[in-house]
Amino acid sequence: MSAYDVIVIGSGPGGYVAAIRCAQHGLKTACVEGRDTLGGTCLNVGCIPSKALLHASHMLHEAEHNFAKMGLKGKSPSVDWAQMQSYKQETIDANTKGVEFLFKKNKVDWIKGWASIPQAGKVQVGEDIHDAKHIIIASGSEPSSLLGVEIDEEIVVSSTGALTLPKIPKKVTVIGAGVIGLELGSVYARLGSDVTVVEFLDVITPGMDKDVQKAFQRSLKKQGLKFVLGAAVQSVEKMKTKAKVHYKLRKDDSEHQLDSDIVLVATGRKPFTNGLGLESLGVELSERGQIKTDTEWRTNVPGIYAIGDAIDGPMLAHKAEDEGMAAADVIAGKHGHVNYGVIPGVIYTHPEVASVGESEDTLKENGRAYKVGKFNFMGNGRAKANLASEGFVKLIADAETDRILGAHILGPAAGDLIHEICVALEFGASAEDLALTCHAHPTYSEAVREAALACGMGAIHS
Ligand code: FAD
Ligand code: NAI
């Protein structure tokens, strides 16, 4: 029907950013979205709604646990779940409408409906077939369940169902101690649910720095979350209004069960490419169903690119955004680049967790000599004043050159603090560069500087 330079399929953080960037390059661009609203998983059922619930429930936690200590006395707030859901929905709407506005501003056409690619250079939506010199697939991901565990989004839910439960459940079993399990587990624990997290491995947040894992689990336990680690879930038995999780402890093969009102399956996500017609096009997929691309996000079929959760790499909104911008730059004939070594990961619990770059484990594996500077938030004036002194900043630098290699933070505003280290990594800074940079007092960022000082002569406040 219409002819475009670029058609982007999917309007999540990968797709909508790619579309805007293409339009900024002067390319005639459209973005196809099958959902009723723009913004993809992230804005509709992911990052944004989960952060709204984390924020609201954290406020409740502060009121219940810290207000009195600060001399704020009075009746503790009660939870109006329907209102909290409305607040969450308003947050979603404000964000999805924001993308709509940005599309109009940048003259990106929003084509409504589910797209398929009948052949390279063509995108079909309903009966309409549009021409596109370039196609960017940004179709995202969907929850993946366990073999034989059926998600009904009522009793056995994925993150999508967990964000919109009709009431706050008394008992919740979370399968998987990864990012979703711990964020949404925290939400319901703060709201009064009895939450047990069942994890296959012997640690929570696999792959994370070991010190962070231990301290983080301790902190979550203090907040009331229970953990069953090293547990292989065998099945989930659904009853009328409840479910029973059957699991075996891996250490002794003993069999156990957990009854709960809600079971949240948070065992990872998988690429969503259904209905695009990739098989008949011959677009190569990995064994895990990810679309294979080269270093410039080209698939093996000329003119078709892919980005975000649908391809390899961490399933993170900002990774998808960066790829969206870079792929658009490549299509516009410019140099598009993503530094995969500097993609921060953040868990928005309280305390927050953030990490970037190398971990001690990977450095040991690679035989690289490193040093560690660690600083506890206990020594940070602002954290003490805010009753938020749990956690630490751990900075890792090359033993010889002092070049910063990575950082792992558990503590207040960790998700913001990490970006100072991202910039340092991008500029190839040394720990001394950070240590010699004046940091305003009193701020949490002083803890980052202290960790950098600890890589050298030593921190001042520990
Ligand atoms: P998506 O956001 O999944 O968007 C893909 C879009 O494409 C969808 O809207 C889909 O409807 C559309 N689509 C698919 N196929 C078609 C088709 N054939 N035609 C038309 N449209 C199509 N990441 C973070 O970085 N920070 C967080 O705090 C965070 N929190 C999360 C919380 C939860 C509960 C979940 C589930 C995820 C979270 N994530 C977070 C991950 C983040 O949401 C994803 O990494 C990100 O959304 C991926 O972006 P994307 O553009 O690749 O795909
Ligand atoms: P995840 O990969 O983070 O965690 C899955 C967990 O489930 C792991 O700990 C794994 O060991 C465990 N597991 C797997 N099989 C199991 C089994 N049979 N029994 C018990 N445990 C089992 O996946 P999650 O939490 O579902 O999140 C999916 C994606 O969404 C992640 O890739 C993440 O990047 C993204 N996301 C990001 C957020 C953020 O950036 N703050 C927030 C939420 C999601």
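Residues numbered from 1 in each chain as written. Chains lettered and ligands numbered in written order. Predicted model: local features only at pLDDT ≥ 70, side-chain atom pairs only at ≥ 80, totals over all residues. Heavy atoms only, no water.

### Points about helix α4 (residues 81–106)
The terminal C-alpha atoms of α4, which comprises 26 residues, lie 38 Å apart, in line with the 38 Å expected from a rise of 1.5 Å per residue. For α4, every residue scored as buried is listed here: W81, M84, Q85, K88, I92, T96, V99, F103 and N106. In this structure, the buried side of α4 is in contact with α1 (13–24), β2 (29–33), α2 (40–45), α3 (47–65), β3 (109–112) and α6 (179–190). Just downstream of α4, K107 is the residue with a positive phi angle, here 60 degrees. (Helix = DSSP H or I, 4+ residues; strand = E, 2+ residues; numbered from the N terminus. Expected span 1.5 Å × (residues − 1). Buried < 20%, exposed > 50% of the residue type's maximum accessible area, 1.4 Å probe, protein only. Contact = heavy atoms within 4.5 Å.)

### Describing the domain arrangement of the protein chain
Per the domain assignment, the segments of the protein chain are domain 1 (3–143 + 270–331), domain 2 (156–267) and domain 3 (345–454). Each of domain 1 and domain 3 has a C-alpha centre, and the two are 30 Å apart. On the domain 3 side, the residues contacting the seven residues of domain 1 number four residues. Looking only at domain 1, the three residues that lose the most surface to domain 3 are K51, L54 and H58, adding up to 51% of its buried area. Inspection of the domain 1/domain 3 interface yields zero residue pairs in polar contact (both at pLDDT 80 or more). Its residues placed into classes, the side of domain 1 that touches domain 3 shows three nonpolar, two polar and two charged. (Domains from an automatic or database assignment. Buried area = accessible area lost by both parts, 1.4 Å probe. Polar contact = N/O pair within 3.5 Å; in protein donor to acceptor, adjacent residues only side chain to side chain. Nonpolar A, V, L, I, M, F, W, Y, C, P; charged D, E, K, R; others polar.)

### Side note on the site of ligand 2
Close contacts around ligand 2 come from 23 residues, with I180, E183, E199, G268 and V346 the closest. The separation between an oxygen atom of ligand 2 and a polar main-chain atom of V179 is 3.2 Å. Residue F200 places a main-chain N or O atom 3.1 Å away from a nitrogen atom belonging to ligand 2. Surface burial for ligand 2 is 77%, taken as the share of its 840 Å² of free accessible area covered by protein chains. Sort the elements by how many residues they give to the shell around ligand 2 and α6 lands first, with three residues. Classifying every residue of the shell around ligand 2 by side-chain character gives 15 nonpolar, four polar and four charged. Counting the residues that make up the shell around ligand 2, at least three belong to each of domain 1 (3–143 + 270–331) and domain 2 (156–267). (Near = heavy atom within 4 Å. Areas by Shrake-Rupley, 256 points an atom, 1.4 Å probe, with all protein chains shown as cover.)

### Comments concerning unusual backbone geometry
Cis geometry marks the peptide bond from H350 to P351; its omega dihedral reads -5 degrees. Cis geometry marks the peptide bond from H441 to P442; its omega dihedral reads -5 degrees. When you line up the elements, P442 lands in the loop between α13 (431–435) and α14 (445–454). Here W297, not a glycine, exhibits a phi torsion of approximately 65 degrees, which is positive.

### Here we look at the packing of aromatic side chains
Overall, the coordinates contain three aromatic pairs when judged by the stated rule. For the ring pair W114 and F272, a centre distance of 6.5 Å and an interplane angle of 65 degrees mean the geometry is edge-to-face. With W114 in the loop between β3 and β4 (115–119) and F272 in the loop between β16 (269–271) and α8 (278–281), the pair connects residues that are 158 residues apart, well separated along the chain. Centroid distance F377 to Y444: 6.4 Å. Interplanar angle 85 degrees. Geometry classified as edge-to-face. With F377 in the loop between β20 (370–376) and α11 (381–385) and Y444 in the loop between α13 and α14, the pair connects residues that are 67 residues apart, well separated along the chain. Take F377 and Y444: they sit in the same class, and that class is buried. Lying across the ring of F392, K374 places its NZ or CZ 4.2 Å from the centre. (Phe/Tyr/Trp six-rings, centres within 6.5 Å; stacked < 30°, edge-to-face > 60°. Lys NZ or Arg CZ within 6 Å of the ring centre and 35° of its normal.)

### Some details on a nonpolar patch on the surface
A cluster of nonpolar side chains, namely F67, M70, L72 and L387, defines an oily patch on the protein surface of about 340 Å² accessible area. By the secondary structure assignment, L387 is in the loop between α11 and β21 (392–398). Judged by its relative accessible area of 37%, L387 is partly exposed. (Patch = residues over 30% accessible without salt bridge, like charges linked within 9 Å, V, L, I, M, F, W, Y side chains within 5 Å. Salt bridge = Lys/Arg side-chain N within 4 Å of Asp/Glu carboxyl O.)

### Some words on the nonpolar core
Side chains that are nonpolar tend, in soluble globular proteins, to be buried together. Membership of the largest hydrophobic core comes to 54 residues, with the highest contact counts inside it found for F103, V123, I135, I136, I137, I291 and W297. Looking at this core element by element, the count peaks at seven residues for α1. Every residue in contact with I136, bar those within four places of it in the chain, is listed here: V6, I7, V8, I9, A18, C22, Y305, I307 and I331. L53, L182, V197 and I262 belong to the second largest nonpolar core, which has 36 residues in total. (Core = buried A, V, L, I, M, F, W, Y, C linked by side-chain atoms within 4.5 Å.)

### Re the packing of α1 against helix α9 (residues 317–331)
Put simply, α1 and α9 touch, their axes get as near as 7 Å, and they point 30 degrees apart. By the angle between their axes, α1 is roughly parallel relative to α9. Two packed elements cross with a definite hand, and for α1 against α9 that hand is right-handed. Within the contact between the two elements, α1 uses P13, G14, V17, A18, R21 and C22 and α9 uses A317, A320, E321, G324, M325, A328 and D329. Here the residues of the contact of α1 with α9 are counted per class, giving eight nonpolar, two polar and three charged. (Axes fitted to C-alpha atoms, helices over the stretch in contact; angles between N-to-C directions. Parallel < 35°, antiparallel > 145°, perpendicular 65-115°, else oblique. Left-handed = near helix turned anticlockwise from the far one by under 90°.)

### With respect to the sheet that holds strand β15 (residues 262–265)
Spatially, β8-β15-β9-β10-β11 is the arrangement adopted by the five strands of the open sheet, whose pairing is parallel. Each having just a single partner strand, β8 (156–157) and β11 (226–228) make up the two edges of the open sheet. As judged from the five bridges shared by strand β9 (residues 171–175) and strand β10 (residues 194–198), these two strands associate in the parallel manner. By the bridge assignment for β10, V172 is matched with V195. Of the strands in this sheet, β9, β10, β11 and β15 are in contact with α6, which crosses β10 at around 165 degrees. (Pairing = 2+ DSSP bridges.)

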